[in-house]
Amino acid sequence: MPQSKTLIAYFSRTGNTKEVAQLIHAQVGGDLFAIQTKQPLPASFEEQKTEAQADQDANRRPALANQVPNFAEYDTIYIGTPTWDMALPQPVASFLTSYDLQGKTIFPFATNAGFGTGTLFNQIKELAPGATVKPSLTIKGGNEGAGQKLVITGDYQAEVNQQVSDWLTANQ
Ligand SMILES: Cc1cc2nc3c(=O)[nH]c(=O)nc-3n(C[C@H](O)[C@H](O)[C@H](O)COP(=O)(O)O)c2cc1C
C-alpha cells in the first residue's frame, strides 16, 4: 500500500499564514509549498487592495511562478490563505484550479484581520470538486491596513499553536 503523503501549500503576503503553515508542518510533517505569483505582489497595502479588488471583480486568475512537483502523489493537502476582501485571494484560486483535486483530502485554513472570512471557505470547496474538504481553521492574523504585519509571534504564536493542535486533533 502506498504511503500517505501530505502537502501544506500556503499563500502569504505578510507572513501570518506562512507562520500557521509552519506550525501545522511541525505537527504533521509533509512538504511545505509557498504559492507565489509570477508578478511580484505590490509593496504597498493600498496598491495590493486595489489589485486584489480588480482581480476579484474580473475573476482573474493571476499566473503563478511555481508548481508543486509530483502533485499527484499527495493525498492530504492543507491549503492556507489570507482573507482578501472577505474572499479567497485570486492567486489561491489559480493554485486550486491548476491541479486535479479529485479524491484528495483538503484541510483549509485562513488568517484574517478580524473582520471575518466571508466567502473564502465556500470558494475553496467550489474549486475542489471531488475532494473531501474537512472543517476549516480560522486564525486571527495581522491588519496591514492598520500597520500590523506579522503578529503570530511570541505568546500569541504559542496560543495559535494550541489552536492548530486542537484543530488537528478534532479532525484526524
Ligand atoms: C488586500 C487585502 C485585503 C484584506 N481583506 C481582509 C478582509 O476582508 N477581512 C479581514 O478580516 N482581513 C482582511 N485582510 C487582512 C489579512 O487577511 C490578514 O492581515 C492576514 O493575516 C494576512 O495574512 P498574511 O500575513 O499571510 O499575508 C486583508 C489584507 C489585504 C492585504
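Note that the coordinates shown come from a computational prediction; the quantities given were computed from them, not determined experimentally. (Residues numbered from 1 in each chain as written. Predicted model: local features only at pLDDT ≥ 70, side-chain atom pairs only at ≥ 80, totals over all residues. Heavy atoms only, no water.)

Before going further, it helps to examine the site of the ligand. Inspection of the region around the ligand gives 24 residues, with Ser12, Arg13, Thr14, Thr17 and Met86 positioned closest. Thr111 has a polar side-chain atom sitting 2.8 Å from an oxygen atom of the ligand. In this structure, an oxygen atom belonging to the ligand sits 2.7 Å away from a main-chain N or O atom of Gly142. Contact with the protein chains hides 95% of the accessible area of the ligand, taken as 650 Å² for the molecule alone. Those elements that place two or more of their residues in the shell around the ligand are helix H1 (16–28), helix H2 (45–57) and strand E4 (105–112). Of the residues forming the shell around the ligand, the biggest block, three residues, is contributed by H2. Residues of the shell around the ligand, tallied by class, amount to six nonpolar, 14 polar and four charged. (Near = heavy atom within 4 Å. Polar contact = N/O pair within 3.5 Å; in protein donor to acceptor, adjacent residues only side chain to side chain. Areas by Shrake-Rupley, 256 points an atom, 1.4 Å probe, with all protein chains shown as cover. Helix = DSSP H or I, 4+ residues; strand = E, 2+ residues; numbered from the N terminus. Nonpolar A, V, L, I, M, F, W, Y, C, P; charged D, E, K, R; others polar.)

Turning our attention to helix H5 (residues 154–170). Along its 17 residues, H5 runs 25 Å from first to last C-alpha, staying within 8% of the 24 Å computed at 1.5 Å per residue. Along H5, the positions that sit buried rather than exposed are Val160, Val164, Trp167 and Leu168. The buried residues of H5 occupy one face: seen down the axis, they fall within an arc of 95°. Set apart from the buried face of H5 by more than 90 degrees, the exposed residues are Asp155, Thr169 and Ala170. Here the buried face of H5 lies against H1, strand E3 (76–82), E4 and strand E6 (137–140). (Expected span 1.5 Å × (residues − 1). Buried < 20%, exposed > 50% of the residue type's maximum accessible area, 1.4 Å probe, protein only. Arc of directions from axis to C-beta. Contact = heavy atoms within 4.5 Å.)

Another aspect to go through is the UniProt feature "domain: Flavodoxin-like" (unreviewed entry) in the protein chain. Under the UniProt annotation, the feature "domain: Flavodoxin-like" (unreviewed entry) is placed at residues 6–172. For residues 6–172, the helix share is 34%, the strand share is 18%, and the end-to-end C-alpha distance is 13 Å. (UniProt positions renumbered as here; feature names shortened; annotations may be inferred.)

Here we come to the environment of Leu32. Topologically, Leu32 is positioned in strand E2 (residues 31–34). C-alpha of Leu32 to C-alpha of Gln67: the two residues are 35 residues apart in sequence and 12 Å apart in space. In this structure, Leu32 is in contact with Ile8, Tyr10, Ala21, Gln22 and His25, ignoring residues within four places of it in sequence.

What follows deals with the packing of H1 against H5. Contact geometry for H1 and H5: axes closest at 10 Å, N-to-C directions at 55°. Of the possible angle classes, the one that applies to H1 and H5 is oblique. Here H1 and H5 pass one another in a crossing that is right-handed. Contact residues: H1 offers Glu19, Val20, Leu23, Ile24, Gln27 and Val28, while H5 offers Gln157, Val160, Asn161, Val164, Ser165, Trp167 and Leu168. In terms of residue class, the contact of H1 with H5 is built from eight nonpolar, four polar and one charged. (Axes fitted to C-alpha atoms, helices over the stretch in contact; angles between N-to-C directions. Parallel < 35°, antiparallel > 145°, perpendicular 65-115°, else oblique. Left-handed = near helix turned anticlockwise from the far one by under 90°.)

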